[in-house]
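# Architecture at a glance
Each chain is listed here by its residues.
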Amino acid sequence: MNPYVIPLVPDGKIPQASVYTAKPQTEWAVDTNRWGVACGPNSDVFVVDFDTYKGFPTDHDLAQLLANSTTRKVQTPNGGTHLYFRWVDGISNAGGEPGRVDIRGIGGYVATGDGYTVLNDVEPEEAPAWLVERLRAATTTIRESEPPAQFTAELGELVAALPVEMRGLYTEEGVQGSRSDRVWRLIKDLCELGWDIEDSFLIVRNSQDVLAKGWEDASVWSQVQKAYAECKPRKDLWNSRPILAAIREEARLSKVAPKAMLGALLTSAAHMIPWNVGLRTYREKPMSLNLGIVLYGRSGSGKDAAASEARTLFPVGVPVPRESVRSGEAIPDAFGSLNESAGAFEWHQPGHNMHFEFAEVTSLEKLMDRQGATLGIMLTLMLSADRIGGKKAGNKGASVPADAYRATFSVNAQPGQSGVLVSKESVNSGLTGRLLWVPAEVQETLSFEEFMALHGKPRRRFKVPEVDWSGVESIKALEAINRAFYTDDSEAIDGQGIRLRSVVACCLMVLDGRTALNEEDWELSGQVMGWSRETRTAAIDAQSNVAFETKVSTLAMDKRVEKEVNDGPARVANKIERKVAERGKVTSVSALKKLNYINQADKSFRDAALEILAARGVEVFES
C-alpha cells in the first residue's frame, strides 16, 4: 500500500491537516508517530471499522465478513479491527451500521502507526458485492469543498445565541474532557440543534480550544462537515410540547432550574400510569416503570423549590401519597400491612403507590450506615418492582408483593456529598445507573426588569392532560427501544440506561396525554438522559476529589507520604517543564490537568511546582 495520508497528533487520532489535503507520507515534513489513511480514490481504499472491543458484531453478514475475510486486516490499540478493501465509487462515511460497525470512505480516514498492528499484511482485496450494495445505500456523501471565506452572521451575535449549557464548550470553562472531545461535542450539539453549517464553523473555529491548538481552518471545516454528514437535528425539547414550554417559563419565573422542575414532574407522571401497567418489550415480562431521581446542586440551588413548584403548578390529577423516609422498615410499611387473619397484604393506598423523599443525601447515607447495604438493595429492588420487606423483630411486618406497586423516590444531593450514591457498592448493585440525575443549578433567569414586569401577576396552573387507561394492559415498546435493549453492551454504571430512558419516555408520553409511545418520546428521553449522564459524571468527579483530599490528609503522617510531600513539588515541576518542552506552553492553570501535563495526584503540588519553575525562569503559560 502507498496511501495518501494526513498527519495526526502524536499518540492520538486528531488530524493536524484536512483530509482533503492528503498526500503520500514522504511528502509531509511532519514529525509524528500516527498517520491518517485518507479513504477514497487517491488511496484506492475504503475501510470497514469494527468496534470489536465492544463485542462481536450482532449482524450475521458482518460477523461472517470479520471472521472470514482475507483482505488487509489491522488491529487498533483498543482492540478494534479495520478491514481494508479496494476502492469503489459511492462509498462515504457512515456511523452506527448495525452491529458496532462504522464505514470510512470519501471524507474519512482511519488511524495507523504506533499501536496499530497489521494482522494480515496483504494488499486490500475487492469487497463482496453484497457489502458494496449495502454501503452505497447506507452512506451519506460528504462533498469536498473549501472552508467558507465570508459569513452572513456576526460572530458576536452567534455567541450570544448559544444555549447557556453549551457556552462552556465555547469558552473552555467548567467542561471536562480533552480539547478534541469538547470541540467535537460543540460541533455535534450545534448540528443537532439545527444550526446552519457555516454558522457552526464560525463558532467552532473561534472557540477557545481551537484557538489554543492553532488548528487550520481546513481541518476544522473537515470536522464540521463530517459531523453534519453523520448527525441529524434534534428537537428543541422545551419548545417541542406546550407542557415542556410551560415548565421552562414557570421555572424562570420561580428562579429554579427547568430541568429540576421537569425531573420532579416526571416522578409524578409515573404515578399517572396504573401500577399494573408496564412496558411490553420483546421480553416476556412487562418492565416496571418505577423511577428514582437525584436532584443535584449546591446548597441553596433550589432543589426543594423546584419539586414544590412542579407539584403546585402542574398537578397530575391522581393522588400521589408522599413519605419522608426515616428508616428502611418504613418503606414497605408505607405501602400496607399484612392482614394476618386473612393471610393477605392490605394496601394503604388504592393506587398501590407511594413517593418517598430523602431531604438530603446525607440522611440516606446515615440510614444506610445504620442498616448496612439493606436500604440500598431495597431501593434497587423497588425500582424493578421486586418484592421488598419481610418479617421483623417480633414476627411483625410483611413483604410487599412483586409487580404490584408503583414507587418513585427523590434524593437531594450536593457536590462532594454523593458518595453513597456513586460508591462501588451502589454501582455494582445497579442503583447508581438506575437513577435519573437531574441538575438543579439555575442556568438562565429572567432579567430583573423582566421579572418585575411579571411580578404580582397570578401564576397559572397548567392542566396536565388526563389519560384513559381503559383496556390498556401494557405499553407497547417502540422498535427503537427493543433494538436498544437487544444491542445494549453498556458498562456496569450504564447497564440500566436503556431501562431508565424507557421509563422517562413513558412519563413524557403520559404528560402528553397518551397511552402509546411515539418516536418523539424516545428522542426527547435521549436528551434527558444526556443531562443525567453529565450530571452523574460531575457528581463522581466531585466525589473523587473529596476522596483524594481525604486520603492525603489521612496519610499525611506516614513516612512515605511525608517524603512525597517533601519531594512532590520538585517532581511535578520537572514533569511540567518536560511537557512544556515537548508540547508547548498552556493557556491557563486549569489547562495543566486538562491536557495531562499533571494528573490528579499531582494537583496538590501544582502551585508549589509553579513557584519552582518561576524561580528557574521557565515560562509555562502563553503570554
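See the structure above.
Let us look at the structure shown here. Residue numbers run consecutively from 1 along every chain, following the written order of its sequence. Given that the model is predicted, a residue must reach a pLDDT of at least 70 before its local features are reported, and side-chain atom pairs must reach 80 or more before they are shown or counted; all residues, however, enter totals for whole chains, interfaces and linings. With hydrogens and water set aside, each side-chain value is computed from the structure's full complement of heavy atoms.

## Quick look at the packing of aromatic side chains
Side-chain rings of Phe, Tyr and Trp, where Trp is taken by its six-membered ring, are said to pair if the distance between their centres is within 6.5 Å; with planes under 30 degrees apart they count as stacked, over 60 as edge-to-face, and otherwise as tilted. Tallied over the full model, the rule gives 10 aromatic pairs. Geometrically, the ring pair formed by Phe335 and Tyr405 is tilted, given 5.1 Å between the ring centres and 55° between the ring planes. Taken as a pair, Phe335 in helix H13 (residues 330-335) and Tyr405 in the loop between strand S18 (399-400) and strand S19 (406-413) lie far apart in primary sequence, 70 residues in all. The exposure classification of Phe335 matches that of Tyr405, with both residues buried. Ring geometry for Phe345 and Trp347: centres 4.9 Å apart, planes at 75°, overall edge-to-face. Three or more aromatic residues joined by ring pairs make a cluster, and in this case those are Phe335, Phe345, Trp347, Phe356 and Tyr405. Helical segments are the DSSP runs of H or I of at least four residues, strand segments are the runs of E of at least two, and each set is numbered from the N terminus. For every residue, the accessible area (1.4 Å probe, protein chains only) is compared with the maximum for its type, and the residue is labelled buried under 20%, exposed over 50%, or partly exposed between those bounds.

## Brief notes about the sheet that holds strand S9 (residues 109-113)
For sheets, the rule is that strands pair by backbone hydrogen bonds, running either parallel or antiparallel. On the basis of which strands lie adjacent, the open sheet formed by 4 strands has the order S2-S1-S3-S9 and antiparallel pairing. Whereas interior strands pair on both sides, the edge strands pair on one side only; in this sheet they are strand S2 (23-24) and S9. Examined bridge by bridge, strand S1 (residues 4-7) and strand S3 (residues 34-38) share 3 bridges and lie antiparallel to one another. Opposite Ile6, over in S3, you have Gly36 as the bridge partner. Pairing between strands is defined by DSSP: at least two bridges between them are needed.

## Considerations on the packing of helix H20 (residues 479-487) against helix H21 (residues 497-511)
Geometry is summarised by axes, namely lines fitted to C-alpha atoms with helices restricted to the contacting stretch, and by angles between N-to-C directions that run from 0 to 180 degrees. At their nearest, the axes of H20 and H21 sit 9 Å apart, and the two run at 165° to each other. What the angle tells us is that H20 and H21 run roughly antiparallel. The way H20 lies across H21 gives a crossing that is left-handed. Here Ile481, Ala484 and Phe485 of H20 come into contact with H21, specifically with Ile498, Arg499 and Ser502. By the convention adopted, Pro, Cys, Tyr, Trp, Phe, Met, Ile, Leu, Val and Ala count as nonpolar, Lys, Arg, Asp and Glu as charged, and the other residues, Gly among them, as polar. Of the residues assigned to the contact of H20 with H21, the class counts are 4 nonpolar, 1 polar and 1 charged. Just so you know how the angles are binned, under 35 degrees is roughly parallel, over 145 roughly antiparallel, 65 to 115 roughly perpendicular, and the rest oblique. Crossing handedness is defined as follows: a turn of the near helix away from the far one that is anticlockwise and smaller than a right angle gives a left-handed crossing, while the clockwise case is right-handed. The contact criterion used is simple: two residues touch if any of their non-hydrogen atoms lie within 4.5 Å.

## A closer look at the pattern of salt bridges
Any carboxyl oxygen of Asp or Glu within 4 Å of a side-chain nitrogen of Lys or Arg constitutes a salt bridge here. Per the counting criterion, the structure on display carries 21 salt bridges. In this structure, Arg241 and Asp512 form a salt bridge, with 4.0 Å as the shortest nitrogen-oxygen distance. Of this pair, Arg241 sits in the loop between helix H9 (237-240) and helix H10 (242-254) while Asp512 sits in the loop between H21 and helix H22 (519-554); the two residues are 271 residues apart in sequence, bridging distant segments of the chain. Arg241 gets classed as buried once you look at its relative accessible area, which sits at 4%. Residue Asp607 is joined to Arg606 by a salt bridge in which the shortest nitrogen-to-oxygen separation is 3.3 Å. Each of Arg241, Asp512, Arg514, Glu520 and Asp521 takes part in a single network of salt bridges with overlapping partners.

## Regarding the pairing of S19
Among the 8 residues in S19, 8 count as buried, and that is most of the element. Judged by which residues are buried, S19 turns out to be covered on both faces: Arg406, Thr408, Ser410 and Asn412 on one side and Ala407, Phe409, Val411 and Ala413 on the other are all buried. Both strand S12 (residues 291-296) and S19 contribute to a ladder of 6 bridges, which runs parallel. Each bridged residue has a counterpart across the sheet, and for Tyr296 the counterpart in S19 is Ala413. Across 6 bridges, the pairing between strand S16 (residues 353-358) and S19 is parallel. Note on S19: the bridge partner recorded for Asn353 is Arg406.

## Things to note about the nonpolar core
Residues grouped as a nonpolar core are buried Ala, Val, Leu, Ile, Met, Phe, Trp, Tyr and Cys residues, joined through side-chain atoms within 4.5 Å. Phe314, Leu436 and Ile475 are the most contacted members of the largest nonpolar core, which totals 63 residues. Broken down by element, the residue count for this core peaks at 11 residues, all from H21. Not counting the four nearest positions on each side in its chain, Phe314 is found in contact with Ile243, Ala246, Ile247, Glu250, Met261, Leu265, Glu309, Phe462 and Val464. Core analysis: the next-biggest nonpolar cluster, separate from the first, contains 36 residues, Val325, Leu367, Leu435 and Ala542 among them.

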